[in-house]
Amino acid sequence: MICQVVDVKKSYFNNQSDLQRAVLKGVSFTLEPGSTMSIVGPSGSGKSTLLNIIGTLDLPTSGKVLIDGQDIALYSDNQLATIRNQQIGFVYQSHHLLPQLNLLENVLLPTLPVREKSKRKMALERAMFLLDSVGLADKIHQLPGQLSGGECQRTAVIRAMINRPKLILADEPTGSLDDSSAGRIGELLLRLNQQEQVALMVVTHSVKLADVIGNVHYLEGGKLSLK
Ligand code: ADP
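Residues numbered from 1 in each chain as written. Predicted model: local features only at pLDDT ≥ 70, side-chain atom pairs only at ≥ 80, totals over all residues. Heavy atoms only, no water.

Peer 1: What is the right way to look at the overall build of the protein chain in this model?
Peer 2: When you go through the protein chain residue by residue, the secondary structure sums to seven helices and ten strands. Since a compact globule built from 227 residues should have a radius of gyration of about 17 Å, the 18 Å found for the protein chain is in line with a globular shape. On the principal axes, the C-alpha backbone points of the protein chain span a range of 55 × 40 × 35 Å. For the protein chain, the proportion of its 227 residues judged to be buried stands at 48%. About 11400 Å² of surface is accessible on the protein chain, with carbon and sulfur atoms providing 52% of the total. When the 23 positive and 21 negative side-chain charges of the protein chain are each reduced to one mean point, those points stand 3 Å apart. (Helix = DSSP H or I, 4+ residues; strand = E, 2+ residues; numbered from the N terminus. Rg over C-alpha atoms; globule rule 2.2 N^0.38 Å. Buried < 20%, exposed > 50% of the residue type's maximum accessible area, 1.4 Å probe, protein only. Areas by Shrake-Rupley, 256 points an atom, 1.4 Å probe, with all protein chains shown as cover. Lys, Arg positive; Asp, Glu negative; His and termini not counted. Charge placed at Lys NZ, Arg CZ, Asp CG, Glu CD.)

Next up, the structure:
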C-alpha cells in the first residue's frame, strides 16, 4: 500500500483555556496504489489537519503514518522534503503558481533539483505532454495572471504530477472555481489517477466532487466513517 494511517490522533492547545482540543480522535485507513478516496465533512472537522499529517507537513499527537511502508516519524527533515518532492503531489484550493514564472516554468519547478541533462529533457517532454493533454499547449509561455482560475488550477494539478508521485493530496481543489471548471478539475484528477495509477485523496466540501472521486468518507467528531 502507498499510505497507511494507523489510529492517528491530533490535539491542539487552546491558548486561552490552556486545554487540549482533540481534532482527530483515532483515524485509520489504507490507500492502495492507484486507488481513490474522498473525505467530506463540516468546516473545522479536521480534514486539512488529516491531509497535512499524511503529507508529512504536520505530526500526529499519537498514531502512525506509513508512506510506502515507512513510518514518516523516523525520517529527518531533509528526507521528508525529498518524500514530499518525489512521492507526493499537493493541490490546494488556491493554485499557488508563482506569478513571475510562465506556465511551463511553474510546472517544472519541482524538477529543479534534477541536474542530469537527459533527465531534464525527459521532465521537459513530460511537462509539455501533460500541459497539452489539458488543452494548455498554446499557453505555456503565458504568466498565471493572464489565465483563468480553471487554467491555473489545471496547471497546478500538472505541476503536482510532474515527478510521477505515488500519491496526490488535494485540499478543496475546486473550492475557488465555477461549476464547469470544477467539473474539469474533478475529471482531470480522476483521469490522471487511472492513467498513471497515482493514488488520489481529495478533501472537499463538495459532495459532487466527492462523488466523482469516489470511495467517499465522512469526517465528523474526530472520526472517519464510510458514507
Ligand atoms: P477543516 O479542514 O475540516 O475545515 P481543519 O483541519 O482546518 O478543519 O481544522 C480543524 C480544527 O483544528 C479547527 O477547529 C482549527 O481551528 C483547529 N486547528 C487547525 N490547525 C491548528 C493549529 N495549528 N493550532 C490550533 N488549532 C488548529
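Peer 1: Whenever I open this one, the sheet that holds strand β2 (residues 19–31) confuses me. Can you help?
Peer 2: The strands making up a sheet are joined through hydrogen bonds of the backbone, oriented either antiparallel or parallel. An order of β2-β1-β4-β5 is seen for the four strands of this open sheet, with the pairing classed as antiparallel. The two strands at the open ends of the sheet, each matched to only one other strand, are β2 and β5 (70–71). Where strand β4 (residues 62–67) meets β5, two bridges bridge the pair, whose relative direction is antiparallel. When the sheet's bridge partners are listed, isoleucine 67 is paired in β5 with glutamine 70. (Pairing = 2+ DSSP bridges.)

Peer 1: Is there a simple way to think about a positive patch on the surface in this case?
Peer 2: On the surface, a cluster of positive charge is contributed by Lys9, Arg21, Lys25 and Lys223. Following the sequence through the fold, arginine 21 ends up in strand β2. Classification of arginine 21 as partly exposed rests on a relative accessible area of 49%. (Patch = residues over 30% accessible without salt bridge, like charges linked within 9 Å, V, L, I, M, F, W, Y side chains within 5 Å. Salt bridge = Lys/Arg side-chain N within 4 Å of Asp/Glu carboxyl O.)

Peer 1: Explain the site of the ligand here, please?
Peer 2: Tyr12, Arg21, Val23, Pro42, Ser43, Gly44, Ser45, Gly46, Lys47, Ser48 and Thr49 make up every residue found near the ligand. For the ligand, a nitrogen atom lies 3.4 Å from a polar atom in the side chain of tyrosine 12. The side chain of arginine 21 places a nitrogen or oxygen atom 2.7 Å from an oxygen atom of the ligand. Alone, the ligand offers 560 Å² of accessible surface; in the complex the protein occludes 58% of this. Of all the secondary structure elements, the ones that give two or more residues to the shell around the ligand are β2 and α1 (47–54). Ranked by residues supplied to the shell around the ligand, first place goes to α1 with three residues. Across the shell around the ligand, the residue classes tally to three nonpolar, six polar and two charged. (Near = heavy atom within 4 Å. Polar contact = N/O pair within 3.5 Å; in protein donor to acceptor, adjacent residues only side chain to side chain. Nonpolar A, V, L, I, M, F, W, Y, C, P; charged D, E, K, R; others polar.)

Peer 1: Help me out: how do you make sense of the environment of aspartate 7 in this one?
Peer 2: With respect to the helices and strands, aspartate 7 occurs in strand β1 (residues 3–14). Separated by 55 residues in the primary sequence, aspartate 7 and serine 62 place their C-alpha atoms 7.6 Å from one another. Sequence-distant contacts of aspartate 7, defined by excluding residues within four places in its chain, comprise Gly26, Val27, Ser28, Ser62 and Gly63. (Contact = heavy atoms within 4.5 Å.)

Peer 1: Would you explain unusual backbone geometry in this entry?
Peer 2: Backbone geometry follows two general trends: most residues other than glycine have a negative phi, and most peptide bonds adopt the trans configuration. The phi angle at glutamate 172 is positive, at roughly 50 degrees, despite the residue not being glycine. Unusually for a residue other than glycine, glutamine 197 sits at a positive phi of about 55 degrees. Along the chain, glutamine 197 turns up in the loop between α6 (179–196) and β8 (199–203). Here glutamine 197 falls in the partly exposed class, since its relative accessible area comes to 46%.

Peer 1: Can you walk me through the packing of helix α4 (residues 117–133) against helix α5 (residues 149–161) in this structure?
Peer 2: A pair of packed helices can be characterised by two numbers: the angle between their axes and the separation between those axes. Relative orientation of the contacting elements α4 and α5 amounts to 145 degrees, with a least axis distance of 10 Å. Considering the relative orientation of α4 and α5, their crossing is right-handed. The residues of α5 that touch α4, namely those facing Arg126, Leu130 and Leu131, are Thr155, Ile158 and Met161. (Axes fitted to C-alpha atoms, helices over the stretch in contact; angles between N-to-C directions. Left-handed = near helix turned anticlockwise from the far one by under 90°.)

Peer 1: Whenever I open this one, the pattern of salt bridges confuses me. Can you help?
Peer 2: Side-chain pairs of opposite charge can arise where the charged atoms are in close proximity. The final tally for this structure, using the stated rule, is six salt bridges. Ionic pairing is found between lysine 166 and aspartate 68, a salt bridge with its closest N-O pair at 2.7 Å. Here lysine 166 is found in the loop between α5 and β7 (167–171), whereas its partner aspartate 68 is found in the loop between β4 and β5, with 98 residues between them in sequence. Judged by its relative accessible area of 37%, lysine 166 is partly exposed. Ionic pairing is found between lysine 119 and glutamate 116, a salt bridge with its closest N-O pair at 3.8 Å.

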